[in-house]
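Observations on the three-dimensional arrangement
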Amino acid sequence: MIPNVFWLVPIASVAALVMAWYFFRQMMKEEEGTPRMIEIAEYVRSGAMAYLRQQYKVVLIVFIVLALIFAFMAYVLKVQNEWVPFAFLTGGLFSGLAGFFGMKTATYASARTANAARKSLDGGLRIAFRSGAVMGLVVVGLGLLDIAIWFLILNAFYQGENTALITITTTMLTFGMGASTQALFARVGGGIYTKAADVGADLVGKVEANIPEDDPRNPATIADNVGDNVGDVAGMGADLYESYCGSILSTAALGATAFAINSDMQLRAVIAPMIIAAAGVFLSLIGIFLVRTKEGATMKDLLHSLGLGTNISALLIAFASFAILYLLKLDNWIGISFSVVTGLAAGVIIGQATEYYTSHSYKPTQGISEASQTGSATVIIKGIGTGMISTMIPVVTISVAIMLSYLCANGFDMSMSAESISRGLYGIGIAAVGMLSTLGITLATDAYGPIADNAGGNAEMSELGEEVRHRTDALDALGNTTAATGKGFAIGSAALTALALLASYIEEIKIAMARAVEHGAVYIDSLGNKFDPSTANMNDFMQFFQVTLINPKVLVGAFIGAMAAFLFSGITMGAVGRAAGSMVDEVRRQFREIKGILEGKATPDYGRCVEISTRSAQREMIFPSLLAIAIPVIVGCVLGVAGVLGLLVGGLAAGFTLAIFMANAGGAWDNAKKMVEEGHFGGKGSDCHKATIVGDTVGDPFKDTSGPALNILIKLMSMVSIVMAGLTVACII
């Protein structure tokens with residue numbers, strides 16, 4: 001029977017969606033500005049929507065093919081739950097909707113933000129931030145709605161079975177693969193699109209033609225603004241939708257296993273992460289309304305404004321978690337509550353560390369700006385070094401968070417008994433839920449970035465006054481830092497979520513083996529004894545599959561997982577290079593053949609550049625995305641469960657560290673350029689400025705294509721492994 005407190009989940013989802021609609025309507029009531037501002041906004045809006053329609057056509061084909069494969073596995077081979085094809089499709093649908101609604105809002109908000117900045121800095125900040133909040137609230141609203149619907153449906157079908165909650169939660173996990181697949185296409189495709197345009201616009205426009213950023217004379221400038229929306233809004237929304245749902249569902253699955261002895265306690269453990277996430281919706285709204293600033297605010301003032309909202313929400317959810325777990329009467333509720341706090345604290349620390357290494361208010365990025373005095377080579381060297389050093393704090397933070405959340409949840413029991421491990425893993429999962437519980441406001445700060453960036457572009461192309469451009473530059477620089485902070489947060493949450501999914505994989509293997517036994521399969525362990533998966537615990541499975549560091553299957557899997565992170569990054573960066581090359585050629589052609597562009601007497605062919613970015617992104621995103629799906633399947637069939645576990649561990653360790661390095665290095669290069677543009681080291685047009693533009697250009701695919709996509713890669717490999725567990729087990733037989 002579903003307890004009454006569960007209904008808080010669908011109520012919170014509806015509340016989030018209603019508030020998202022409210023903020024959207026409030027934004028739409030604002031004036032969009034001059035006729036020129038409206039014209040530019042329409043260019044960007046139509047380009048973004050045209051790209052998204054084309055991307056969804058490609059993704060739809062992939063989803064239909066994969067759904068048919070899952071249906072064949074479920075209904076013909078009988079190696080998978082029959083609900084998987086449908087769950088997979090809804091996960092992709094809701095993830096796509098989250099990105100679509102967020103991007104639609106962003107494309108309407110940018111001109112209105114620029115217009116509000118004509119009057120005050122606070123007006124521009126509030127419109128941009130609350131428009132970003134639409135994305136955050138849509139993601140959590142749709143995520144909780146999807147979870148609530150599937151929980152109710154599956155409860156109706158499996159009610160009364162002994163292992164009902166284990167079956168329900170592991171089945172629900174599979175819609176995470178749909179969300180992951182959609183997110184990867186959105187991130188990779190959007191990242192290639194935006195960076196092809198950005199690199200082309202910077203290298204030819206700013207370096208060769210010596211014209212300002214977002215200058216209307218630059219043919220690639222509209223494509224660049226479109227790219228901010230399809231990459232950093234639609235892509236980020238789909239990405240964090242998947243993290244949010246994955247953390248809640250993996251924790252629910254771990255709770256079903258860890259508390260299986262007591263059915264009442266088991267149900268409370270399953271719904272606990274859902275209730276915490278639901279409470280986070282209401283507390284995020286409080287933080288959103290707290291964000292405001294004063295005229296003439298410095299970068300630190302603006303960061304403080306956003307930090308106030310996010311930190312207040314985090315503090316409130318920490319207290320709320322204690323109350324929720326106490327009222328649920330969960331075993332060791334105090335310890336599990338501290339696991340939630342651990343996740344929240346880890347998110348805050350990673351965000352602050354990212355801000356330190358990427359904001360030009362601090363020494364690391366200032367050092368990159370100083371390096372520009374000796375040329376672009378030293379800018380690149382300094383940026384790479386800064387990015388590498390910046391991995392230390394997030395890695396140590398996540399490591400400490402994993403240990404603390406594990407020990408808090410199992411009462412500091414180091415016995416490594418099956419129950420101790422299960423309770424500890426539940427703590428790690430609920431720490432991920434804690435980190436993502438305030439996603440409504442955390443994602444708002446991230447989606448704010450591309451809105452502010454587009455507002456600056458609109459102000460420049462509309463030739464608004466210097467004071468307006470100064471305000472939009474301040475909002476844009478803040479957006480660069482919040483975007484980098486958001487990427488660090490997304491990567492950190494991905495690490496905890498992937499670790500929880502790793503444990504859920506074993507549970508899915510157990511169910512797949514039990515299903516195989518029902519169809520006549522027999523398993524014999526290394527001692528020649530019959531192995532019964534239905535009564536085995538996690539330690540038994542580790543022993544049965546010989547998951548030890550001296551097993552070559554585990555080691556080979558780990559190497560392949562680490563390699564996959566670098567291979568994926570290399571392929572996506574190569575894709576950006578090829579697409580950017582086409583864009584550079586096109587911009588040069590227009591400058592050469594369309595007379596009067598540089599004098600402002602002729603209009604560039606913006607549509608041609610948008611078309612090049614769209615075509616390049618669609619073509620280049622398919623191979624790396626399918627590769628991420630294929631690797632776990634191949635490893636599972638060849639190396640079995642031990643190899644897959646090695647793959648997931650290797651991919652997690654290498655992918656997490658590499659993603660932090662790339663995101664922070666790219667963010668630091670970007671803000672080092674912004675620092676020079678503010679008048680330091682010669683200002684705009686100087687040799688130092690050109691050197692930092694080169695660094696920023698190198699960093700573009702780091703921070704906006706390969707780096708952000710890596711956190712989806714590590715989660716998608718886990719999700720694919722879970723969904724394909726039945727096939728892996730069939731290969732064992």
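Fair warning: this is a prediction, and the values are worked out from it, not measured in the lab.

Between the first and last C-alpha of helix H12 (residues 376–389) there are 20 Å, a value that for 14 residues agrees with the 20 Å anticipated at 1.5 Å per step. Turning to H12, its buried residues number three or more, namely Val379, Gly383, Thr386 and Gly387. Seen from one end, H12 has its buried residues packed into an arc of 100 degrees, which puts them on one side. With respect to the buried face of H12, the exposed residues turned more than 90 degrees away are Ile381, Met388 and Ile389.

For the rest of this paragraph, the subject is the packing of helix H3 (residues 84–117) against helix H4 (residues 121–158). Remark: H3 packs on H4, axes separated minimally by 8 Å, with the N-to-C direction vectors making an angle of 170 degrees. As judged from the angle between their axes, H3 and H4 are roughly antiparallel. Counted by class, the contact of H3 with H4 contains 18 nonpolar, 9 polar and 2 charged residues.

So, on to the nonpolar core. Judged by nonpolar contacts, the single largest core of 242 residues is most densely connected at Phe151 and Tyr426. Here this core gets 24 residues from one element, more than from any other, and that element is helix H20 (residues 622–677). Apart from residues no more than four positions distant in its own chain, Phe151 is found in contact with Ile2, Phe6, Leu165, Ile168, Met172, Leu267, Val270, Ile271 and Met274. Among the nonpolar cores identified, the runner-up in size contains 7 residues, and Met37, Ala117, Leu464 and Val468 belong to it.

The subject of this paragraph is the packing of aromatic side chains. On inspection of all chains with the given rule, the structure shows 24 aromatic pairs. Measuring from ring centre to ring centre gives 5.1 Å for Phe322 and Phe338, while their planes differ by 85 degrees; the resulting arrangement is edge-to-face. Of the two residues, Phe322 is situated in helix H9 (residues 299–327) and Phe338 in helix H10 (residues 333–358); the sequence distance between them amounts to 16 residues. Between the aromatic rings of Phe531 and Phe544, the centroid separation amounts to 4.2 Å while the plane-to-plane angle is 15 degrees, which identifies the pairing as stacked. Of this pair, Phe531 sits in strand S2 (residues 530–531) while Phe544 sits in helix H17 (residues 538–544), and the two are 13 residues apart along the sequence.

Reading the values: the criteria
Residue numbers here run from 1 along each chain, matching the order of that chain's written sequence. Thresholds applied to this predicted model are a pLDDT of at least 70 for local features of residues and 80 or more for the giving and counting of side-chain atom pairs; totals over whole chains, interfaces and linings are not thresholded and use all residues. Values shown for side chains rest on all heavy atoms present in the structure; no hydrogens or waters enter the calculation. Strands here mean DSSP runs of E at least two residues long; helices mean DSSP runs of H or I at least four residues long; both are numbered from the N terminus. A helix's residues, less one, multiplied by 1.5 Å, set its expected span. To sort residues, take the accessible area from a 1.4 Å probe on protein chains only and compare it with the maximum for the residue type: under 20% means buried, over 50% means exposed, and anything in between is partly exposed. Starting at the helix axis, one direction is taken to each C-beta atom, and the arc is that of these directions. Between N-to-C directions, angles cover 0 to 180 degrees, with each direction set by a line fitted to C-alpha atoms, over the stretch in contact for helices. With respect to orientation, any angle under 35 degrees is reported as roughly parallel, any angle over 145 as roughly antiparallel, any angle of 65 to 115 as roughly perpendicular, and every other angle as oblique. Under the grouping applied here, Gly and all other residues not named as nonpolar or charged are polar, the nonpolar ones being Ala, Val, Leu, Ile, Met, Phe, Trp, Tyr, Cys and Pro and the charged ones Asp, Glu, Lys and Arg. Remark: nonpolar core denotes a set of buried residues (Ala, Val, Leu, Ile, Met, Phe, Trp, Tyr, Cys) joined through side-chain atoms within 4.5 Å. Residue contacts are defined here by distance: any two heavy atoms, one from each residue, within 4.5 Å place the two residues in contact. Centres within 6.5 Å make a pair out of two Phe, Tyr or Trp rings, where for Trp the six-membered ring is used; the pair is then stacked when the planes are under 30 degrees apart, edge-to-face when over 60, and tilted otherwise.

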